[in-house]
Amino acid sequence: MRGEKMREIVTACEMKALDRNTIETAGIPSLVLMERAALKTAEELRKRLKNESRERILVVCGSGNNGGDGLAIARLLHLAGIETCFYLAGKEERMTEETKCQLKAARYYGVLQEHNLRTDEYTTIVDAIFGVGLARPVEGSYAQLIRELNEADAFKVAVDIPSGVNADTGFEMGTAFRADLTVTFAFRKRGLCFYPGRMLGGEIITADIGIYPEPKQKLQVHYLGKEDLSLMPPRLPYGNKGTFGKVLLVVGSPGMCGAAYLSAAAALKCSAGMVKIQTVEENRISLQTLLPEAMVSCEFNEEQNRQMLNWCDVLVIGPGLGVSGRSRERAQWFLSYAAECGRPVILDADGLNLLSVHDEWKKYLGENVILTPHIGEMSRLNKTMISDIQDALMETAYEYAKETGTVCVLKDACTVTAGPSGETYLNLSGNAGLATAGSGDVLSGVLAGVLCMYLSAEKKIPPVQLAALGVFVHGLAGDRAAEVCGKRGMTARDIIRFLPEILRIKDDMDDGKM
């Protein structure tokens with residue numbers, strides 16, 4: 001049933017409901033799930049130990065079921081011959097029944113209990129203080145304890161989620177444990193996708209412990225992994241440049257040809273067969289020099305516009321376009337006629353800025369449109385404070401997608417791709433190096449290329465998943481660029497440079513090399 005890796009993301013409330021359903025409906029006892037969680041955590045921890053005979057492990061346990069997981073982990077490590085102690089951060093009388101059972105088992109098997117905490121004596125510290133249900137800031141003695149654990153020179157492991165991280169938002173609630181490794185159970189928690197929770201979690205492993213949705217239940221929030229590059233259709237061996245998609249970019253303004261180049265080059269590097277750039281005359285020579293593979297048109301009249309629109313399969317509007325009257329006219333013409341004929345549109349950058357001051361343009365939006373705002377552009381689109389958007393990225397993206405009937409790609413450190421029906425993807429590829437000029441222009445071209453891949457594909461996937469796949473590919477190229485160039489020095493052109501290397505992973509899958 002669950003042979004493939006899990007790609008769903010849940011809230012704390014959803015996780016509790018799934019856990020309860022597994023216990024009450026499926027009939028799997030809570031202690032069995034606890035043992036599975038402990039086994040997976042101990043297994044992942046042991047993979048990372050350099051010399052078990054020299055290890056000294058401390059497991060810090062709260063009084064809830066997260067503490068019960070910790071006590072089971074301590075017992076398993078102890079029985080494996082690894083020197084392990086547990087420390088009770090919570091009071092015994094406040095323990096859950098399951099945690100009391102685990103404490104009894106730990107004592108029965110002779111696991112040592114630490115009473116006078118000395119963190120400098122341990123090589124590894126396991127945090128099992130709070131689970132996903134933490135609802136208030138960590139203060140007082142618990143905050144002091146977590147600070148002491150953080151200061152220790154030890155490898156640090158979090159059980160399910162680092163204590164002090166909000167499981168839904170990723171916010172640090174007063175004080176949070178800083179893990180090198182987090183083993184989370186059944187599903188990735190939202191707080192391990194958004195920052196700072198994602199950073200505080202360190203390396204994050206999602207372990208299958210036997211908790212699944214009900215057969216007809218569909219979780220709405222997902223993420224993609226490298227294996228999901230298999231979603232891309234194979235490149236037809238008998239195709240031609242027309243088969244592989246024609247992209248028209250309405251981009252650039254006087255002195256702003258860079259964004260046009262980056263978007264067009266990314267579309268070509270992301271497998272589009274042909275690219276045409278509709279821009280201003282001032283950009284012609286520069287673009288023909290920078291990108292001879294692309295066609296350039298500087299005409300703007302009814303006849304030429306219709307010919308270009310009929311020629312293309314995918315339309316990109318916005319990068320470097322500007323917000324002048326001339327730019328507004330270009331954007332509105334192509335957006336309105338694309339709506340008439342249902343041509344796929346990626347609306348980016350100045351296309352979004354123009355939309356934000358022309359509310360009547362929303363009539364041109366719909367299921368054929370992908371919007372790609374960063375937080376500042378989103379603030380202008382929905383007339384909301386930036387801080388409010390940062391506190392509710394998923395909700396903001398979904399509400400705007402629902403209002404406009406589009407797919408909304410809200411760009412941030414964890415980009416949110418939301419469709420109007422509520423299906424949402426959180427992107428886990430990428431790095432801080434992507435925060436560089438032109439990165440968003442590259443994304444618009446990547447999205448156009450991904451849309452082109454599916455023009456002749458037998459198996460179609462929903463627009464929201466198409467967009468999420470483009471965002472994921474863009475992030476992977478950024479990750480490869482960071483490996484080669486470093487996060488501080490990479491540029492948008494470096495992202496483009498490594499797009500073919502990422503797409504080659506799919507080619508290797510098709511050729512049976514992976």
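Anything mentioned here points back to the structure above.
All of these numbers come straight from a predicted model, not from anything done at the bench. Within each chain, residue numbers correspond to sequence positions counted from 1 in written order. pLDDT decides what is reported in this predicted model: residues at 70 or higher carry local features, side-chain atom pairs at 80 or more are listed and counted, and totals for whole chains, interfaces and linings draw on all residues regardless. Excluding hydrogens and water, the side-chain values take into account all heavy atoms of the structure.

Caption draft 1: Region of interest: the overall build of the chain. Broken down by element type, the chain carries 18 helices and 19 strands. Whereas a compact globule of 514 residues would reach a radius of gyration of roughly 24 Å, the chain reaches 26 Å, a difference of no more than 12%. Referenced to the eigenvectors of the C-alpha coordinate spread, the extents of the chain come out at roughly 85 × 50 × 45 Å. Throughout this description, buried means an accessible area under 20% of the type-specific maximum (1.4 Å probe, protein chains only), exposed means over 50%, and partly exposed covers the range between. Taken across its 514 residues, the chain has 58% of its residues classed as buried. Whether two residues are in contact is decided by their heavy atoms, any of which lying within 4.5 Å being enough. Summarising the internal contacts of the chain: among those between residues at least 6 apart in sequence, 72% fall at separations of at least 24. Note on conventions: DSSP H or I runs of at least 4 residues are helices, E runs of at least 2 residues are strands, and numbering of each starts at the N terminus. This radius of gyration counts C-alpha atoms alone. The globule rule is 2.2 Å times how many residues there are, raised to the power 0.38.

Caption draft 2: Main features of the sheet that holds strand β6 (residues 155-159). By the convention used here, strands pair only if DSSP detects at least 2 bridges between them. Strand order in the open sheet made by the seven strands is β4-β3-β2-β5-β6-β7-β9, with parallel pairing throughout. With one partner strand each, in any of the chains shown, β4 (112-113) and β9 (203-207) form the two edges of the open sheet. In this structure, strand β7 (residues 181-185) lies alongside β9, joined through five bridges in parallel fashion. In the sheet register, Phe185 faces β9, and the bridge partner there is Ala207. This element, helix α2 (residues 30-47), spans β2 (56-61), β5 (124-128), β6, β7 and β9 of the sheet and lies at about 155° to β7. Axes here mean lines fitted to C-alpha atoms, for a helix over just the part in contact, with angles spanning 0 to 180 degrees between N-to-C directions.

Caption draft 3: Structural context of the sheet that holds strand β15 (residues 345-347). Read across the sheet, ten strands follow the order β10-β19-β18-β17-β16-β15-β14-β11-β12-β13 without closing on themselves; strand pairing throughout is mixed. Whereas interior strands pair on both sides, the edge strands pair on one side only; in this sheet they are β10 (221-222) and β13 (295-297).

Caption draft 4: Highlighting the side chain of Gln278. Relative to the assigned elements, Gln278 resides in strand β12 (residues 274-278). Beyond its immediate stretch of four places on either side in the chain, Gln278 contacts Leu248, Leu249, Val250, Val251, Ser297, Glu299, Phe300, Met308, Arg330 and Phe334.

Caption draft 5: Highlighting the pattern of salt bridges. By convention in these notes, a salt bridge is any Lys or Arg side-chain nitrogen within 4 Å of a carboxyl oxygen on Asp or Glu. Inspection of the entire model under this criterion finds 23 salt bridges. Across the pair Arg56 and Glu83 runs a salt bridge, and its minimum N-O distance is 2.8 Å. Placement of the pair is Arg56 in strand β2 and Glu83 in strand β3 (residues 83-88), with a sequence separation of 27 residues. Linked by salt bridges that have partners in common, Glu44, Lys47, Arg48 and Glu203 make up one network.

Caption draft 6: The layout of surface pockets, seen in detail. Cavities and pockets were defined on a 1 Å grid built from protein atoms only: a cavity is a group of points that admits a 1.4 Å probe but offers it no way out, a pocket is an open group of points flanked by protein on both sides within 12 Å along at least five of seven lines, and a lining residue is one with an atom within 4 Å of any such point. Grid points are joined across faces, edges and corners, and a volume is the space filled by probe spheres set on the points. Here the largest pocket defines a volume of roughly 1100 Å³. As for the largest pocket, its lining consists of 37 residues, and the residues nearest its centre are Gly64, Asn65, Asn66, Phe130 and Gly131. At the level of secondary structure, the elements contributing two or more residues to the lining of the largest pocket comprise α1 (12-24), α2 and α3 (65-79).

Caption draft 7: Fine view of the state of the cysteines. Two cysteine sulfurs form a disulfide in these notes if their separation is within 2.5 Å. Evaluated as defined, the whole model comprises zero disulfides. No disulfide involves Cys85; its sulfur sits 11 Å from that of Cys61, the nearest cysteine.

Caption draft 8: Quick look at the packing of helix α7 (residues 258-269) against helix α15 (residues 439-453). The N-to-C vectors of α7 and α15 enclose an angle of 30°; their axes lie 7 Å apart at closest approach. The pairing of α7 with α15 is recorded here as roughly parallel in orientation. For the crossing formed where α7 meets α15, the hand is right-handed. In this structure, α7 uses Ala259, Leu262, Ser263, Ala266 and Ala267 to contact α15, whose residues at the interface are Asp441, Val442, Ser444, Gly445, Val446 and Gly449. Note on residue categories: nonpolar means Ala, Val, Leu, Ile, Met, Phe, Trp, Tyr, Cys or Pro, charged means Asp, Glu, Lys or Arg, and polar means any other residue, Gly included. Along the lines of polarity and charge, the residues of the contact of α7 with α15 split into six nonpolar, four polar and one charged. Here is the rule for angles: anything less than 35 degrees is roughly parallel, anything more than 145 is roughly antiparallel, 65 through 115 is roughly perpendicular, and the remaining ranges are oblique. In this scheme the crossing of two helices becomes right-handed for a clockwise turn of the near helix relative to the far one and left-handed for an anticlockwise turn of less than a right angle.

Caption draft 9: Geometry of the packing of aromatic side chains. Aromatic contacts are taken between Phe, Tyr and Trp rings whose centres are within 6.5 Å, Trp giving its six-membered ring; a plane angle under 30 degrees counts as stacked, one over 60 as edge-to-face, and the others as tilted. A full pass over the atoms with the stated rule returns five aromatic pairs. Note on Tyr108 and Tyr109: the rings are 5.0 Å apart at their centroids and 90° apart in plane angle, and the pair reads as edge-to-face. With relative accessibility at 42%, the residue Tyr109 sits in the partly exposed group. Plain terms: the ring middles of Trp333 and Tyr337 are 4.2 Å apart, the flat faces sit at 25° to each other, and that makes the pair stacked. Here Trp333 pairs with Tyr337, and both are found in helix α10 (residues 325-341), just four residues apart, close to one helical turn. Tyr337 shares its class with Trp333; the two are buried. Put simply, the rings of Phe300, Trp333, Phe334 and Tyr337 pair up and form one aromatic cluster. For a ring to carry a charge above it, either NZ of a lysine or CZ of an arginine must fall within 6 Å of the ring centroid while also lying within 35 degrees of the normal to the ring plane. Over the aromatic face of Phe244 sits the side chain of Arg235, whose NZ or CZ is 3.6 Å from the ring centroid.

Caption draft 10: Representation of the environment of Thr169. Here Thr169 lies in the loop between β6 and β7. The exposure class of Thr169 is partly exposed, given its relative accessible area of 25%. Remark: the alpha-carbon pair of Thr169 and Glu148, spanning 21 residues in sequence, is separated by 25 Å. The contacts of Thr169, once residues within four sequence positions are left out, are Gly191, Phe194 and Tyr195. Each polar contact in these results corresponds to two N or O atoms within 3.5 Å; when the atoms are within protein, one needs to be able to donate a hydrogen and the other to accept it, and residues that are neighboring in sequence are counted only if both atoms are side-chain atoms. Of note is the side chain of Thr169, whose polar atom sits 3.1 Å from the backbone nitrogen of Phe171.

Caption draft 11: Local environment of the packing of α3 against helix α4 (residues 97-108). Look at α3 against α4: their axes get within 8 Å of each other, and the N-to-C directions meet at 20°. Between α3 and α4, the angle is such that the two are roughly parallel. Considering the relative orientation of α3 and α4, their crossing is left-handed. Contacts between α3 and α4 involve Asn65, Gly67, Gly68, Leu71, Ala72 and Arg75 on the former and, on the latter, Glu98, Thr99, Gln102, Leu103, Ala105 and Ala106.

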